[in-house]
Amino acid sequence: MPVEERLNIVTCTAPVNIAVIKYWGKRDEELILPINSSLSVTLHQDQLKTTTTVATSRSFQEDRIWLNGKEEDITHPRLQSCLREIRRLARKRRNDGDPGLNSNSLSHRVHICSVNNFPTAAGLASSAAGFACLVYTLAQAFGVEGELSGIARQGSGSACRSIYGGFVQWIMGKEDDGKDSVAQQVEPENYWPELRILVLVASAERKPVGSTSGMQTSVQTSCLLKHRAESVVLDRMVQMIDAVKRKDFTAFAELTMKDSNQFHATCLDTYPPIFYLNHVSRQVINLVHRYNRHYGETRVAYTFDAGPNAVIFTLQQHVPEFVKVVQHFFPPDTNAGQFIKGLPVDCASLSEELEQAIGLEPMPKGISYMISTKAGPGPCIVEDSSQHLLGPDGLPKITV
Ligand code: DP6
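Remember, it's a predicted structure, so these values are computed and weren't measured experimentally. Each residue is numbered by its place in its chain's sequence as written, counting from 1. Given that this is a predicted model, residues contribute local features only at a pLDDT of at least 70 and side-chain atom pairs are listed and counted only at 80 or more, while totals for whole chains, interfaces and linings are drawn from all residues. Excluding hydrogens and water, the side-chain figures rest on all heavy atoms present in the structure.

Draft legend 1. Spatial organisation of the nonpolar core. The term nonpolar core refers to a set of buried residues drawn from Ala, Val, Leu, Ile, Met, Phe, Trp, Tyr and Cys, joined through side-chain atoms within 4.5 Å. Three exposure classes are used, based on accessible area relative to the maximum for each residue type with a 1.4 Å probe and protein chains only: buried under 20%, partly exposed in between, and exposed over 50%. Core analysis: the biggest nonpolar cluster contains 67 residues, and Phe252 and Phe313 have the highest contact counts within it. By size, the runner-up hydrophobic cluster in this structure holds 30 residues, among which are Ala90, Cys133, Tyr136 and Phe142.

Draft legend 2. Summary view of helix H7 (residues 279–295). In this description a helix means any DSSP run of H or I spanning at least four residues, a strand means any run of E spanning at least two, and both kinds are numbered starting from the N terminus. For a helix, the expected span equals 1.5 Å multiplied by the residue count minus one. With 17 residues, H7 should reach 24 Å at 1.5 Å per residue; the first-to-last C-alpha distance of 25 Å fits that figure. Of all the positions in H7, only Val280, Ser281, Gln283, Val284, Ile285, Leu287, Val288, Tyr291 and Asn292 are classed as buried. The contact criterion used is simple: two residues touch if any of their non-hydrogen atoms lie within 4.5 Å. Here the buried face of H7 lies against strand E12 (195–201), helix H6 (249–269), strand E13 (300–303), strand E14 (310–315), helix H8 (319–329) and helix H9 (352–358). Definition of a polar contact: a pair of N or O atoms within 3.5 Å, with one able to donate and the other able to accept a hydrogen when the atoms are protein atoms, and with sequence-neighbouring residues admitted only if both atoms are side-chain atoms. Where H7 begins, one side-chain oxygen reaches toward the backbone nitrogen of Val280, 3.0 Å away; that side chain belongs to Asn278.

Draft legend 3. Broad picture of the site of the ligand. Nearness is judged by heavy atoms alone; a residue qualifies as near a molecule or strand once a single heavy atom is within 4 Å of it. Looking at the ligand, there are 18 residues lining it, with Tyr23, Lys26, Arg78, Ser156 and Ser158 nearest. The contact in question runs from an oxygen atom of the ligand to an N or O atom on the side chain of Arg78, over 2.8 Å. Gly157 places a main-chain nitrogen or oxygen 2.8 Å from an oxygen atom of the ligand. Burial of the ligand by the protein chains amounts to 95% of its free accessible area of 460 Å². If you tally residues by element for the shell around the ligand, the top one is helix H4 (residues 211–221), at three residues. Nonpolar residues are Ala, Val, Leu, Ile, Met, Phe, Trp, Tyr, Cys and Pro. Charged residues are Asp, Glu, Lys and Arg, and all others, Gly as well, are polar. Among the residues forming the shell around the ligand, the class breakdown is seven nonpolar, six polar and five charged. The Shrake-Rupley method, run with a 1.4 Å probe, gives the accessible areas here. Residue values count only the displayed protein chains as cover.

Draft legend 4. Representation of unusual backbone geometry within the structure. The peptide bond linking Tyr271 to Pro272 adopts the cis configuration, its omega dihedral lying at -5°. Along the polypeptide, Pro272 turns up in the loop between H6 and H7. A positive phi is found at Lys247, a non-glycine position, where the angle reads about 50°. Topologically, Lys247 is positioned in the loop between helix H5 (223–245) and H6. Phi at Lys365 takes a positive value of approximately 60°, unusual for a residue other than glycine. Residue Lys365 is classed as exposed on the basis of its relative accessible area of 56%.

Draft legend 5. Quick look at the pairing of strand E2 (residues 17–21). In terms of burial, E2 is largely enclosed, as five of its five residues are buried. For two strands to count as paired, DSSP must find a minimum of two bridges between them. Here E2 runs beside strand E5 (residues 38–42); their pairing, made up of four bridges, is antiparallel. Among the inter-strand pairings, Ile18 is bridged to a residue of E5, identified as Val41.

Printed below as a string of structure tokens:
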């Protein structure tokens, strides 16, 4: 029988998320248990997503993985944790006598192929979408149902939040085995439709210190991080959930900015210090505060992860003018192609009064491009079989 007839194949997509209450620091490195809870907004997959195909076949000799067209090491411990957990749950279902389970594939090896629809080098959180997609797709392939965020968490902490759409909290949990350290949806993606998100890609450089090792050093050396985990985040989580539920943009925006600033303060308080923000990031921070001050209200908020890219939150009605402001103070490279990607943005004019009120020196080419997006859904199954990333021979259709 030809290989293709024995191939069990499935393709899924998963989203990127951006934390507005940040996760930084683990209490258990192996299980990836955090020292504080966190909350994020899942970004829409029309703009940013990972696609993963998983195939199982009796003819496969070994487990293999290709990421963005290149074969990678399948023995990576975090990949192994996810694979092991999915297979364990599948075995449990078989032993419990679940009739719906495709138990054949249990003894089969897997081929995994994954691509992002955005450049990894842009420093956007690709590991969150990547591990969420891996776990979700493996679960489909092995017929595993139920709670998956606890498994995605073992791939990358922030990945557990990408298992759901909309507004998502990762509850830190208390147990040593991590069973209660899971993500939960706070509100679905269409709950606050006016909310808009702009990703300002400040640099195509790779981040200097990865989050995993960065947060390790912070846990070891920063007393500010300890204070944050013990005395700050608990209240902020309550306030943030309340702000989302009430769609209170001012409260949401202020908490988002304060939490981003405190996260970067803990990076500075780490010894030796970690610098994720650069001069472009600081210019964006100034610009946002001056813009808000001009209007006497908080219309725009920023947040930054472990890199210099800004993620901006605002309401739909302010998008055209704020984008115009960004284009004015960060004049784009005219040879570099489209500056605004994603959801279309209406044209607006910039008043002289606003330009003067902001009063910053323009920084040409400081921002390479921006992605205009909104909150979006969690992982999805791709029904169209022509979209599989693995061919009938179980090998990637495209390699680099
Ligand atoms: C700054 O989830 O990438 O983006 O668990 O070690 O894989 P690991 O770290 P990761 O850290 C993300 C840190 C952050 C904040 C956040 O997303 O909450």
